[in-house]
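# Residue-level structure breakdown
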Amino acid sequence: MTTRTRTKPELLAPAGNLEKLKFAIHYGADAVYIGGQQFGLRSNAGNFSYDEMREGVAFANKYNAKVYVAANIIAHNENLEGLHEFFKELYEIGISGVIVADPALIQASREAAPDLEVHISTQASVANWKTAEFWKNEGLPRVVLAREVSVEEIREMKEKVDIEIEAFIHGAMCISYSGRCVLSNHMSARDANRGGCAQSCRWKYDLFEDGTDGTVAVSDESDEQYTMSSQDLSMVEHLPDLIEAGVDSLKIEGRMKSIHYVATVVNVYRKIIDTYFEDPENYQIQQEWIDEIWKAAQRSLTSGFYYDEPTEKDQLFGRPNRIPKYDFAGLVLDYDEETQMATIQQRNNFGIGDEVEFFGPNFYHFKQTITAIWDENDEPIERAKHAMMITKVKVDQPVEKFNMMRKGK
Amino acid sequence: MSSYKPELQVSARNLEEVKRLAQAGADAIFVGNQQFANRQPGDFSLFEIKEATEWLHSQGKKIYVMVNAIYHNEHLESLPTYLKDLEQLKVDGIVAGDQSIYQILRDIKCSLPLTWDPETLSTNYQTLNFWAQRGLSRATLSNELSLDAVIKIKENVHFPIEMQIHGMTNIFHSKRKLVRNYYAQIDETYDRSKTRFIKENRKPETHYPIFEDLNGTHIMSNEDLAMIEYLDQIIDAKIDGLYIEGILKTIDYNEKIVALYREAIDTYLADPAAFETKKTAFKQMIADIQPDDRQLNTGFYFKEQID
Ligand code: SF4
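Every residue gets a number counted from 1 within its own chain, in the order that chain's sequence is written. Working convention: letters from A go to chains and numbers from 1 go to ligands, in the order in which they are written. Where local features are concerned, this predicted model is filtered to residues with pLDDT of at least 70; where side-chain atom pairs are given and counted, the filter is 80 or more; whole-chain, interface and lining totals use all residues. Side-chain measures were taken over the full set of non-hydrogen atoms in the model, leaving aside hydrogen atoms and water.

## Observations regarding the overall build of chain A
Secondary structure counts use DSSP, requiring at least four H or I residues in a row for a helix and at least two E residues in a row for a strand, with both numbered from the N terminus. Along its length, chain A carries 10 helices and 24 strands. For 409 residues, the compact-globule estimate of 2.2 N^0.38 gives 22 Å, and the C-alpha radius of gyration of chain A, at 23 Å, lies within 12% of that figure. Projected onto the principal axes, the alpha-carbon positions of chain A cover approximately 65 × 60 × 55 Å. For each residue, the accessible area found with a 1.4 Å probe, counting protein chains only, is set against the maximum for its type, and the residue is called buried under 20%, exposed over 50%, and partly exposed in between. Burial status across chain A gives 61% buried among its 409 residues. We take the radius of gyration over the C-alpha atoms and set the globule estimate at 2.2 Å times the residue count to the 0.38 power.

## Observations regarding the overall build of chain B
The number of helices and strands found in chain B is 10 helices and 14 strands. Over its C-alpha trace chain B gives a radius of gyration of 19 Å, about what one expects of a compact globule, namely 19 Å for 307 residues. Taken along its principal axes, the extent of the C-alpha atoms in chain B is 55 × 55 × 45 Å. In chain B, buried positions account for 61% of the 307 residues. In this analysis, two residues are considered to be in contact whenever any of their non-hydrogen atoms come within 4.5 Å of each other. Taking as baseline every contact in chain B between residues at least 6 positions apart, the subset at least 24 positions apart corresponds to 68%. In this description, accessible areas are obtained by the Shrake-Rupley approach with a 1.4 Å probe, and a residue is regarded as covered only by the protein chains that are shown. Entry remark: accessible area of chain B is about 11900 Å², with carbon and sulfur atoms responsible for 48%. Computed over 35 positive and 46 negative side-chain charges, the inter-centroid distance for chain B is 2 Å. Residues scored as charged are limited to Lys and Arg (positive) and Asp and Glu (negative), so that His and the chain ends carry no count. In this description, the location of a charge corresponds to atom NZ of lysine, CZ of arginine, CG of aspartate or CD of glutamate.

## What to know about the interface of chain A and chain B
Counting residues at the interface gives 72 residues for chain A and 67 residues for chain B. Buried area is understood as the total, over both parts, of accessible area removed when two parts are fitted together, assessed with a 1.4 Å probe. Around 6600 Å² of area is buried between chain A and chain B when both sides are counted, 55% of it from carbon and sulfur atoms. By the criterion of area lost to chain B, the three top residues of chain A are A:Asn77, A:Tyr177 and A:Arg180, representing 12% of everything that side buries. In the sections that follow, a salt bridge refers to a side-chain nitrogen of Lys or Arg positioned within 4 Å of a carboxyl oxygen of Asp or Glu. Between A:Glu309 and B:Lys175 there is a salt bridge, with the nearest N and O atoms lying 3.9 Å from each other. Residues adjacent in sequence count toward polar contacts only when both atoms are side-chain atoms; beyond that, a polar contact is any pair of N or O atoms within 3.5 Å, and within protein one must be able to donate a hydrogen and the other to accept it. Taken together, the links from chain A to chain B amount to 41 residue pairs in polar contact (both at pLDDT 80 or more). Listed by contribution, the elements that provide at least two residues to the side of chain A that touches chain B are α4 (103–112), α5 (129–137), α6 (151–160), α7 (183–188) and β8 (205–211) of chain A.

## Things to note about the domain arrangement of chain B
All names here are of chain B. Taken as a whole, chain B is organised into domain 1 (7–168 + 223–297) and domain 2 (170–220). Domain start and end points were adopted from an automatic or database domain assignment. Centre-to-centre separation of domain 1 and domain 2, based on C-alpha positions: 25 Å. Contacts between the two partners involve 18 residues from domain 1, matched on the other side by 13 residues from domain 2. Both sides together, the interface formed by domain 1 and domain 2 hides about 1300 Å², and carbon and sulfur atoms give 56% of it.

## What about the packing of aromatic side chains?
Pairing of aromatic side chains requires ring centres within 6.5 Å, counting the rings of Phe and Tyr and the six-membered ring of Trp. Pairs whose planes differ by under 30 degrees are stacked, by over 60 edge-to-face, and all others tilted. This structure, assessed with the given rule, holds 32 aromatic pairs over all chains. An angle of 15° between the planes, with centres 5.2 Å apart, marks the rings of A:Phe208 and B:Phe197 as stacked. Of this pair, A:Phe208 sits in strand β8 while B:Phe197 sits in strand β9 (residues 195–200), each in a different chain. Relative to B:Phe275, the ring of B:Tyr268 has its centre 5.3 Å away and its plane inclined at 75°; by these criteria the two rings are edge-to-face. Residue classification places B:Phe275 among the buried residues on the basis of a relative accessible area of 0%. Seen from the ring of A:Phe168, A:Arg147 lies directly overhead, with NZ or CZ sitting 3.7 Å from the centre. We count a charge as sitting over a ring when the NZ of a lysine or the CZ of an arginine lies within 6 Å of the ring centre and within 35 degrees of the ring normal. Over the ring of A:Tyr33 we find A:Lys251, and its NZ or CZ is 4.5 Å from the ring centre.

## Details of the sheet that holds strand β16 (residues 341–346) of chain A
Residue and element names in this part refer to chain A. With antiparallel pairing, 8 strands are arranged side by side in an open sheet as β19-β18-β24-β15-β16-β23-β20-β21. The open sheet terminates on both sides in strands that have one partner only, identified here as β19 (364–369) and β21 (380–381). In this analysis an axis means a line fitted to C-alpha atoms, helices contributing only their contacting stretch, and an angle means the value between N-to-C directions, from 0 to 180 degrees. The strands touched by helix α10 (residues 287–296) are β15 (326–336), β18 (355–360), β19 and β24 (404–408); relative to β18, the strand with the most contacts, the crossing angle is about 110°. When DSSP finds at least two bridges between two strands, those strands are taken to pair.

## A short note on the pairing of strand β4 (residues 93–96) of chain B
Residues and elements named next belong to chain B. Here β4 shows a buried face lined by Gly-93 and Val-95 and a second buried face lined by Ile-94 and Ala-96. Sheet topology places strand β3 (residues 62–66) next to β4; 3 bridges connect them, and they run parallel. Across the sheet, residue Met-66 finds its bridge partner in β4, namely Val-95. A crossover connection joins β3 to the parallel β4 through helix α3 (residues 73–89); in handedness this β-α-β unit is right-handed. Sheet analysis places β4 next to strand β5 (residues 114–116), joined by 3 bridges and oriented parallel. When the sheet's bridge partners are listed, Ala-96 is paired in β5 with Trp-116. Seen with its strands pointing away from the viewer, a crossover is right-handed if its path from the first strand over the helix to the second goes clockwise. Note on the crossover from β4 through helix α4 (residues 100–107) to β5: the handedness is right-handed.

## Some remarks on a negative patch on the surface
Residues and elements named next belong to chain A. Residues Asp-334, Asp-336, Glu-337 and Glu-338 make up a contiguous surface patch of negative charge. Note on placement: Glu-337 falls in the loop between β15 and β16. Under the relative-accessibility criterion, Glu-337 is labelled exposed at 68%. Note on patches: the residues involved have over 30% relative accessible area and no salt bridge, like charges join within 9 Å, and the nonpolar side chains Val, Leu, Ile, Met, Phe, Trp and Tyr join within 5 Å.

## Some thoughts on the side chain of B:Asn181
Topologically, B:Asn181 is positioned in helix α7 (residues 178–185). Here B:Asn181 falls in the buried class, since its relative accessible area comes to 7%. Residues within four places of B:Asn181 in sequence aside, it is in contact with A:Pro310, A:Thr311, A:Glu312 and A:Gln315.

## Digging into the pairing of strand β2 (residues 28–32) of chain B
All names here are of chain B. Counting buried positions over the 5 residues of β2 gives 5, a clear majority of the element. Neither face of β2 is left uncovered, since the one carrying Ala-28, Phe-30 and Gly-32 and the one carrying Ile-29 and Val-31 both have all their residues buried. As judged from the 3 bridges shared by strand β1 (residues 7–11) and β2, these two strands associate in the parallel manner. Bridge pairing links Ser-11 to Phe-30 in β2. Crossover connection from β1 via helix α1 (residues 15–23) to parallel β2: handedness right-handed. In terms of strand pairing, β2 meets β3 through 5 bridges, oriented parallel. Residue pairing in the sheet places Phe-30 in a bridge with Tyr-64 of β3.

## Observations concerning the site of the ligand
One heavy atom within 4 Å of a molecule or strand makes the whole residue count as near it. Near the ligand, the surroundings consist of A:Cys174, A:Ile175, A:Ser176, A:Cys181, A:Cys197, A:Gln199, A:Ser200 and A:Cys201. Three classes are used: nonpolar for Ala, Val, Leu, Ile, Met, Phe, Trp, Tyr, Cys and Pro, charged for Asp, Glu, Lys and Arg, and polar for all others, with Gly counted as polar. Residues that form the shell around the ligand fall into these classes: 5 nonpolar, 3 polar and no charged.

## Digging into the side chain of A:Asp314
The topology assignment puts A:Asp314 in the loop between β13 (301–302) and β14 (315–316). In this structure, A:Asp314 is buried with no salt-bridge partner, the nearest side chain bearing the opposite charge being B:Arg176 at 5.8 Å. Here A:Asp314 is in contact with A:Ser230, A:Gln231, A:Thr302 and B:Arg176, once residues within four sequence places are set aside.

## Considering the domain arrangement of chain A
Residue and element names in this part refer to chain A. If you check the domain split of chain A, you get domain 1 (10–173 + 230–314) and domain 2 (326–408). Between domain 1 and domain 2, the C-alpha centre-to-centre distance is 32 Å. If you look at the interface, domain 1 gives 16 residues, while domain 2 gives 15 residues. Between domain 1 and domain 2 lies a buried interface of about 1500 Å² when both sides are counted; carbon and sulfur atoms form 66% of it. Its largest share of buried area at the contact with domain 2, domain 1 owes to Tyr-27, His-260 and Lys-295, together 38% of the area lost on that side. Seen at the junction of domain 1 and domain 2, the total is 3 salt bridges.

Structure representation (structure tokens):
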């Protein structure tokens, strides 16, 4: 029997904007990663201005959480301007670390802000322990692994190299080695390594063979056209394997995803980590955690490369399956204990008679049927139809600010 | 006069091709073993590399060995010995793109010159200077750069720079078996000896070769690069290595292509005015032997991209 001296790994969540940052932390993330207005790959993920970063860091500090900035472009000559100022500013703002793929940026960061932690991004495809050792010797505290690495390989890396390992546990995946795909550059003249990826891997193609009798269409016009779309990663059923392999930071993908997605996914993994650490020997996965993950899932789910090499079963063919099955219906802004009324900001059409589910941090959940709604002027209404309208809703159990309401589609 | 002369490089499938391509005018031949290298036209054993090395050196030519896989822990078990063996064979250098190579060469005290070729990640001079401080001897630039960017990089580094000037370029690398998986999905038998390509939906004019090797699935560009008429600009910028990708082409084609580029380079070096008069003809000679399904173009060297 192994003695368990492990410390809890960090649960690291994406935060596409300030609101998502707050929700991620509120629902239990130990750290979030965000994008600045320069040098990041998610040019349209609602990136943070320096002021917003300051606000985000102040919020995170209250909860003892960290904020990292992804500056993970593969730079071209003309992108090299302003790097020093950028990293210096991040350090002064109180950012805990930067996630970087291009050595030009690593160097600039270390020159401009020697105490700002630099983590190697997954875009650099760190896939073996010697690369980890190389960066360790360069003085970097952490590498984010390529998604092609197995649990066994991680274990070996941790045995051989004393460096923090960050690994993805949930979210969408490139089907290529990250950084080694320029389909988008070629098909759409948009640079995938500077944030322009057009998701060309998920398009439909026709596959042909050169045979002895000329060119044969293998997939032409059939409904099962050629494509290279990966299912999304989820380690919900196997998280202890990664923890025991020694992963230091468990990372959720998705800076473009909704607050509903971020809150739901973070909530589940928080619950799993905490439950596991309370009593590792008797830990058992609960069906309700798996069900909960599926409420935010956008594609079918796979464990990627963590166990066996992915096959066709880990790819998406044919018509996209209809996931998610839930809508984010409303956000709780306030709750009045006396009247049992919740103030709810509408995020999707809901109305009397709808079956809804409320949920909040610490895996708080209950279901109810909506019986009464009032609008801003305290007029009773049948349905909350207007985007972002403020309503009052009668609730069966107490709720609080940051709780959410979802409903089936 | 400086002693600058670009090195004309081409990949080869087997020993016979090594000889024919060198005799056609290549200065350096690229070979590889599929265990450690991506996208090899052939699969050279150490013994074959030895023979190729001896023969090429007797002709005053060079040999570089591709070890450009993305390494996993498994590769690391046999790679150090392999590198030591290559060093003993006195090959002229290795081509690698996995960051661990810097650590490995240092650990095993291997003095083989390293051509750093991280494919898509070789896009600016500061990055390359970072790697130069860690031991690269030469660097291959990414194909998705403008010629201006190539020239700017060359001006800002102090080591030799290589670029691809002809043939298809790699545009996608996955560790997964994405061709085999599809055959399994549609319940057809996968025959690994066939060559394949994909077309974009409703774009019948497109043609992207796709294949698997030991290190996964690779997709190649829609067009073949052909920079022959711009050799003047490339040579004026003193780019050091000019690479012809031979994969998925016949030896007859590659041999003619090498000979044409040899002639074009030598013409320009000897007499720029003569090159000027002949360059359209050079281009035409390539067009004449070009397979019907492979268009020619200049890649990203003169193309705008959105970032
Ligand atoms: S096209 Fe697909 S594999 Fe390529 S960068 Fe985009 S998401 Fe990744």
